[in-house]
Amino acid sequence: MSKRVGIEVSLAVAEAVKLADADVVAAYPITPQTHIVEHLSELVADGELDAAYIPVESEHSAMSSCIGSSAAGARTFTATSSQGLALMNEMIFIAPVLRTPVILAIANRALSAPINIWNDHSDIMSVRDAGWICLFAENGQEAVDMTLAAFRIGEDPQVSLPVSVNIDGFTLSHFIEPILLPDKAEVDRFLPPFKPVIKLDIAQPISVGLLAPPESYTEARKATDDALLASKAVVKKAFDEYEAVFGRRYQVVESYRVEDAETVIVAMGSIAETASIAIDEMREAGQKVGLVRLRLWRPFPAEELAAALSAAKNVAVIDRHMVLGVDNGPLGLEVKSLLYDAPNRPRVFNYVLGLGGRDVTRDDFRDIAARVSSSQGVQTRYEIVGVLA
Amino acid sequence: MIEIRFHGRGGQGAVTSAELMAQTAIGMGKFAQAFPSFGPERRGAPVTAFLRISETPIKLREKVYEPDVVVVLDATVMNVTKVDQGLKADGVLLVNSHHGVEALRRQYAFTQKMSVIDALGIALEVLKVPITNTVMLGAFAKVMGQATPDDVVEPFNHRFGPSLAPKNLEAFRRAYEAANLEGRA
């Protein structure tokens, strides 16, 4: 039986890693770290989790240790945020192609400069093309559930890829809320032991991470891309199995009140919960507004998202990252690209908001719906919302 | 759903107050959410924490802008922060002060229902330290009917451990017994 507890989401994620029986946790413990690895270090020190905890000297070393551990066949976890993820950058791009299923919790926070410790999605968006499977949690329960699912998905022999579990910094990571923590027997039913396809083994020596000359570099990258794209089916299967064991249903793309909706808001992460309340309130006032949320960001769930948006007249895409030098956010860009060939191409609006911890409220979504409906005759628009003069 | 904002100074336990009350409510089978006003923490600087308690799941993740209840853990914060900002007209202002309700209304022009308790006096007497969070929670629980001393036993034990939990339970109980709500001005 699951246990219902009032717990900080970061600690609950650490409890999920304990339930998953991680073998190795390598992390840099200083800002911008979260309580996730702090609590894991306690669990290891107290003998509650039988894992090697490696307190490394930088995030670059953390991810390096994780890749090495994973290649040696260990179930491996780490966590970071913002500048920490930036410092991991070199190794972030290596884990997917080496096919090491490292699980990384990212408490999403803004990148410097200017220095800012608060929530947005600029950290993950800076590595969105690295080859990781990227899951987004909406609330604390999902942070726990996605962490457990991440091990199941990444370690699947058909996948063997690293997975990032994106948890909005502060807005999720520092919230105390009720969470159902599964029990060990349930987790064991869902998550089999890690059996790597190939591993570093002194009895049967192999090398990983070698030079790929022009004759094979493209093929190695393409093989990784194929695996990443194919992993969507495994993600869906894992979600089905998650529901069978734990009773909570997850989909790669989720729709809320989109039936007959003229304007559909597209969002990722914890703002979708606040958006759903705003949509309830707008629906009560007779506005035909709905919400589509991506739980899976990479591989991009193109078919599922196109289906979810097929009846919309207006699509309002929310980005929590500003791409400098082009008038599109990362999600806005994907949605526009996806819908260019759609039979009933809707109008697509792209709004950037909630940067560097600026609070995202119900008013923001009401305001966006109003902006869309007052933009008659406009096919597409990009706006950074709420910029102070 | 009721929404609560806590005002205190770094180190006094405003954040802990919100967390303990959330854990108490969740332990009682309700839904609750507690979070600090995020920022670099500085001991002694004014801090804010937020709490929502509901009979149904809470999906709202914006900050609390129009609280039903404001809890002031440190009277000196009222000189630098407008603690009744956004407080609903029928809301409740709960203040740690050794002054009376009328004196505070005169000084700060508070109009909402108020409950004033000398939490610092109780804290110094029972806990021997000027940390008012569990005292103010006792007043909050009583005035808002959100919990009884029995309901906080488990969360307090979990948070404070065997040496400090009994004292904090006593501090809670003292405020729970003493707190009264005064009507609107």
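So, how was this worked out
- Residues numbered from 1 in each chain as written.
- Chains lettered and ligands numbered in written order.
- Predicted model: local features only at pLDDT ≥ 70, side-chain atom pairs only at ≥ 80, totals over all residues.
- Domains from an automatic or database assignment.
- Contact = placed C-beta atoms within 7 Å.
- Helix = DSSP H or I, 4+ residues; strand = E, 2+ residues; numbered from the N terminus.
- Nonpolar A, V, L, I, M, F, W, Y, C, P; charged D, E, K, R; others polar.
- Axes fitted to C-alpha atoms, helices over the stretch in contact; angles between N-to-C directions.
- Parallel < 35°, antiparallel > 145°, perpendicular 65-115°, else oblique.
- Left-handed = near helix turned anticlockwise from the far one by under 90°.
- Pairing = 2+ DSSP bridges.

**Quick look at the domain arrangement of chain A**
Residues and elements named next belong to chain A.
Phase 1: The assigned domain composition of chain A is domain 1 (3-246) and domain 2 (254-384).
Phase 2: If you average the C-alpha positions of domain 1 and of domain 2, the two centres end up 28 Å apart.
Phase 3: Contacts between domain 1 and domain 2 engage 26 residues on the former and 20 residues on the latter.
Phase 4: For the side of domain 1 that touches domain 2, the secondary structure elements donating two or more residues are α6 (122-125), β6 (133-136), β7 (163-168) and α9 (217-246).
Phase 5: Broken down by element, the residue count for the side of domain 1 that touches domain 2 peaks at five residues, all from α9.
Phase 6: Residue composition of the side of domain 1 that touches domain 2, grouped by class: 13 nonpolar, eight polar and five charged.

**Looking at the packing of helix α4 (residues 133-144) of chain B against helix α5 (residues 153-178) of chain B**
All names here are of chain B.
Phase 1: The geometry of α4 relative to α5 is characterised by a closest axis approach of 7 Å and an angle of 40° between their N-to-C directions. Comparing their axes, α5 and α4 come out oblique. Two packed elements cross with a definite hand, and for α4 against α5 that hand is right-handed. Of the residues in α5, those in contact with Thr134, Val135, Met136, Leu137, Gly138, Ala139, Ala141 and Lys142 of α4 are Asn168, Ala171, Phe172, Arg173, Arg174, Ala175 and Tyr176.
Phase 2: Across the contact of α4 with α5, the residue classes tally to nine nonpolar, three polar and three charged.

**Observations concerning the sheet that holds strand β13 (residues 314-319) of chain A**
All names here are of chain A.
Phase 1: Across the sheet, which stays open at both edges, the six strands sit in the order β9-β11-β10-β13-β14-β15 with mixed pairing between neighbours. Each edge of the open sheet carries a strand with a single partner, namely β9 (253-256) and β15 (380-384). With direction set aside, neighbouring strand axes in the sheet form an average angle of 20°.
Phase 2: Where β9 meets strand β11 (residues 289-294), four bridges bridge the pair, whose relative direction is antiparallel. Residue pairing for β11: glutamate 254 is matched across the bridge by arginine 293.
Phase 3: Lying over the sheet, helix α12 (residues 330-339) contacts β10 (263-267), β13, β14 (347-352) and β15, oriented at roughly 150° with respect to β13.
Phase 4: Taken strand by strand, helix α13 (residues 362-373) contacts β10, β11, β13 and β14, and its axis lies near 130° from that of β10.

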